[in-house]
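# Chains, contacts and geometry: an overview
In case you want the letters, here they are:
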Amino acid sequence: MNGISAVVITLNEAKHIQNCLASLEGIADEMIVVDAGSTDGTRELAEAMGAKVFVREFAGYGDQKNWGNEQAKHNWILSIDADESLSPELKASILGVKVSPGYDAFEFARRNLFCGKWVKHGGWYPDRKLRLWNRHIGSWDDAKVHEKVNLKSHARVGRLEGDLIHDSFESLTDHLDRIKRYSKLAAIREFERGTLPSLFKQYGSAAAKFFSTYFLKLGILDGKTGWYIAKHSAYARYRKFKELRAIWCSKRTDPDHMCFINSTKFWGGGEKWHLEAAAEMAARGHEVYLIAHPDSELAARMACTDIRPELIPIRNLSFLNPLKLMELALFFKRHRIGTVILNGSADLKCGGIAAKFAGVPRIIYRRGSAIPIKRSFLNKWLFKRVVTEVIANSEATKETVLRNLTQSITADRVQVHYNGVDFAELDALVKPHHEAHKPVIIGNLGRLVAQKGQHHLIQLVRELRDRGVSFKLRIGGEGPKEESLRLAIKKYDLEDVVEMVGFVNDVPEFMSSLDLFVLTSHWEGFGYVLVEAMAQGNPVVAFDISSNPEIVTEGKTGYLVEAFDEASMAECVARLIQNRQLRERMGQAAIQDVHERFDHVRQHDRLEAFLMNEPVVI
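What comes next concerns the included structure. Since we're looking at a predicted model, the values are computed, not measured.

What counts and how
Residues numbered from 1 in each chain as written. Predicted model: local features only at pLDDT ≥ 70, side-chain atom pairs only at ≥ 80, totals over all residues. Heavy atoms only, no water. Helix = DSSP H or I, 4+ residues; strand = E, 2+ residues; numbered from the N terminus. Rg over C-alpha atoms; globule rule 2.2 N^0.38 Å. Buried < 20%, exposed > 50% of the residue type's maximum accessible area, 1.4 Å probe, protein only. Contact = heavy atoms within 4.5 Å. Pairing = 2+ DSSP bridges. Axes fitted to C-alpha atoms, helices over the stretch in contact; angles between N-to-C directions. Phe/Tyr/Trp six-rings, centres within 6.5 Å; stacked < 30°, edge-to-face > 60°. Patch = residues over 30% accessible without salt bridge, like charges linked within 9 Å, V, L, I, M, F, W, Y side chains within 5 Å. Areas by Shrake-Rupley, 256 points an atom, 1.4 Å probe, with all protein chains shown as cover. Salt bridge = Lys/Arg side-chain N within 4 Å of Asp/Glu carboxyl O. Lys, Arg positive; Asp, Glu negative; His and termini not counted. Charge placed at Lys NZ, Arg CZ, Asp CG, Glu CD. Parallel < 35°, antiparallel > 145°, perpendicular 65-115°, else oblique. Nonpolar A, V, L, I, M, F, W, Y, C, P; charged D, E, K, R; others polar. Expected span 1.5 Å × (residues − 1).

A few words now on the overall build of the protein chain. The secondary structure content of the protein chain amounts to 22 helices and 24 strands. Computed over C-alpha atoms, the radius of gyration of the protein chain comes to 35 Å, more than 25% over the 25 Å expected from 2.2 N^0.38 for 618 residues, which places it beyond the range of a compact globule. Seen along its three principal axes, the alpha-carbon backbone of the protein chain occupies a region of about 115 × 50 × 45 Å. Taking all 618 residues of the protein chain together, the buried fraction comes to 54%. Residue pairs in contact within the protein chain that sit at least 24 positions apart in sequence constitute 71% of those at least 6 positions apart.

Right, let's get into the sheet that holds strand E19 (residues 440-445). The parallel open sheet is built from six strands, whose spatial order is E21-E20-E19-E22-E23-E24. Edge positions in the open sheet fall to strand E21 (498-502) and strand E24 (558-561), since each of these has one partner strand only. Averaged over all adjacent pairs, the angle separating strand axes in this sheet is 20°, with direction ignored. Here strand E23 (residues 540-543) runs beside E24; their pairing, made up of four bridges, is parallel. What sits directly across from valine 541, in E24, is tyrosine 559.

As a further point, take the sheet that holds strand E16 (residues 362-367). Taken together, the seven strands give an open sheet; going across it, the order is E14-E13-E12-E15-E16-E17-E18, and neighbouring strands pair in parallel fashion. In the strand order of this sheet, the two ends are held by strand E14 (308-311) and strand E18 (414-416), each with one partner. In this sheet, adjacent strand axes meet at a mean angle of 25° when their direction is disregarded. Against the sheet, helix H11 (residues 345-358) engages strand E12 (254-262), strand E15 (337-342) and E16, with an angle of about 165° to E15. Against the sheet, helix H13 (residues 395-403) makes contact with E16, strand E17 (389-392) and E18, and its axis sits at roughly 165° relative to E18, the strand it touches most.

What follows deals with the packing of aromatic side chains. Taken as a whole, this structure holds 27 aromatic pairs when the rule is applied. For the ring pair tyrosine 61 and tyrosine 182, a centre distance of 5.8 Å and an interplane angle of 65° mean the geometry is edge-to-face. Of this pair, tyrosine 61 sits in helix H3 (residues 61-70) while tyrosine 182 sits in helix H5 (residues 172-193); the two residues are 121 residues apart in sequence, bridging distant segments of the chain. Seen from their ring centres, phenylalanine 526 and phenylalanine 598 are 5.5 Å apart, and the 70° between their planes marks the pair as edge-to-face. Of this pair, phenylalanine 526 sits in the loop between strand E22 (516-519) and helix H18 (528-535) while phenylalanine 598 sits in helix H21 (residues 580-598), and the two are 72 residues apart along the sequence.

Our focus in this paragraph is the environment of glycine 351. Structurally, glycine 351 can be placed in helix H11. Using a relative accessible area of 0% as the deciding quantity, one classes glycine 351 as buried. Distance in space between the C-alpha atoms of glycine 351 and alanine 208 is 31 Å, their sequence separation being 143 residues. Beyond its immediate stretch of four places on either side in the chain, glycine 351 contacts Ile261, Leu328, Phe332, Leu342 and Ala346.

A contiguous patch of positive charge on the surface is contributed by Lys242, Lys356, Lys384 and Arg385. Positionally, arginine 385 belongs in helix H12 (residues 377-386). Of the residues examined, arginine 385 reaches a relative accessible area of 42% and is grouped as partly exposed.

Bringing H18 into the picture now. Of all eight residues making up H18, eight are buried, and the element is well covered by its neighbours. Taken as a whole, H18 has its buried residues at Tyr528, Val529, Leu530, Val531, Glu532, Ala533, Met534 and Ala535. Backbone geometry just after H18 places glycine 537 at a positive phi near 80°.

This part takes up the packing of helix H20 (residues 566-578) against H21. Interhelical geometry of H20 versus H21 gives an angle of 100° and a closest axis separation of 5 Å. Here H21 runs roughly perpendicular to H20, going by the angle between their axes. Contact residues: H20 offers Arg575, Leu576, Ile577 and Gln578, while H21 offers Arg580, Leu582, Arg583 and Met586. Across the contact of H20 with H21, the residue classes break down as four nonpolar, one polar and three charged.

Another point: the packing of H21 against helix H22 (residues 600-611). Direction vectors running N to C along H21 and H22 enclose 20°, while the axes themselves pass 6 Å from each other. Taken as axis vectors, H21 and H22 run roughly parallel relative to one another. Seen from H21, the contacting residues are Glu596, Arg597 and Phe598; seen from H22, they are His600, Arg602 and Gln603.

This part covers the pattern of salt bridges. Under the criterion given, the structure shown has 32 salt bridges. The shortest N-O distance in the salt bridge between lysine 65 and aspartate 81 comes to 3.3 Å. Here lysine 65, found in helix H3, pairs with aspartate 81, found in the loop between strand E4 (76-79) and strand E5 (84-86); they are 16 residues apart in sequence, far enough to count as distant. In this structure, lysine 65 and aspartate 81 share a single accessibility class: buried. Overlapping salt bridges, with partners in common, bring together Lys65, Asp81, Glu84, Arg110, Asp127, Lys129, Arg131 and Glu147 in one network.

Because the α-helix completes a turn every 3.6 residues, residues three or four places apart line up on one side. With 14 residues, H11 ought to run about 20 Å at 1.5 Å a step, and its terminal C-alpha atoms sit 19 Å apart, in line with that. Burial runs high along H11: 11 of the 14 residues are buried. What H11 keeps buried is the set Ala346, Asp347, Leu348, Lys349, Cys350, Gly351, Gly352, Ile353, Ala354, Ala355 and Ala358. Structurally, H11 contributes buried residues whose contacts are with helix H7 (223-252), E12, helix H10 (322-334), E15, E16 and H12.

Next up, the structure:
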């Protein structure tokens, strides 16, 4: 052989390098260490033991080792990792062939230690490796992980007695950390080979790996160690194909292609947000699709936008329908959707699962309701395995998202995006000047449902009437509580002061006709109607609950009263009715406040940055 150059690549291997290099004494005529930028003293320790140390940025295992071989002055290369060492038997075998090798390369067994224990089964021994060869007949391949030596076809390979001792993993955590690092590199290698991902490979190959390691290769004989190795080996296989799937998805999807899904039939704040967000992203040049129910108000309204409509009915149990899931998954694949934004529970289940099957990289659930999500098995699975991020429309909504799902989703995956308002459209309206001899107009707007709490208005009106205050109340909206409200108005003889105006198509016009606004909701994900009222110069009175404190500045733009305290609400409303200057001062402050915080251009800029994975400006 005439001489052996031992080549070791390192990165923060201070705890192993001395034992490694010490085992080479009397065997290696030259020790070369190629370090990738250690900060733990590895280089200094290696130099102290007589090694030639080179510093080179890491460019892959095979590439790093080949570069080290090029620095060697001897033709025979002994390649060894920093956490490996030569057993006395192997050293004796190498010395025995050093004078007259008889072969072009040699392989030998590797004895792997797991938490200090020699693992004899499960495919971990003898685990033969080719580590000694004449560099003129072979070199490392360019694999990013699990690299191998490629030899010329005529090369003769011998086998040496003795073991290469591999002090591989000091703990279970160490093993899992290595799997996480290597799985991405292994996935890149499979992608470059053209390997296609599939759920069968992801789960089936993991199960096969466990069975093979634990039973066929007798890992069961290694006791608890064998069990952990089999389990971790299966996890490594699962994770590799999961990473491969993610890589293929990123290549086959386009982050600029996004699809909003909102299957709700009625019109509300969530539908308004989805329509405006989708329309704005489309107007900004992104390829945007919106899936809506054919009979919904949303479907009718998106006809006048640049959105590409797709009318697909989705119901609560549609996620159990494989044909529906396939229809959606094929739609996502056909249009190379990179981001899906979901609305309600039915959309989350059906659209989310279909997007997962289709390999959509980002599956975002937009939450617009400040009530806790049920802690069901399905919800926990969806938020842990399907949903990648959550958009909450307020800090209050974010808190309720996290409340029951702390094990499934972390706070950093929930981002708050307030609803935006187009003030250019609202500012075109001129609020009529209130004439002193006319009663003050109080307004309320929202669906007539239990959540909106319009029944509190009846008591509010009775309290104001008892105080002798001159006013009119206009209630806008429709819904299942309409009949009970009309009966209450009639019962208490309030027809002369309360007007039920039904569905309001022109919200700005409605708000401009008011003098102040009252919100009686029991919760609000984001009180969009408050912003709309304030934008028209209306001071507001609302219960101090959920997101209301994020919109109303107490004593400046309105009043927040204790939840469901109708007497306190009546007191604040009466104060505003009887003090015109206070009303106007708060109204002007409200206009300025919402312009600064909720302008739709600013909010859509933030949303676009988020959807395009760019830094979001707070």
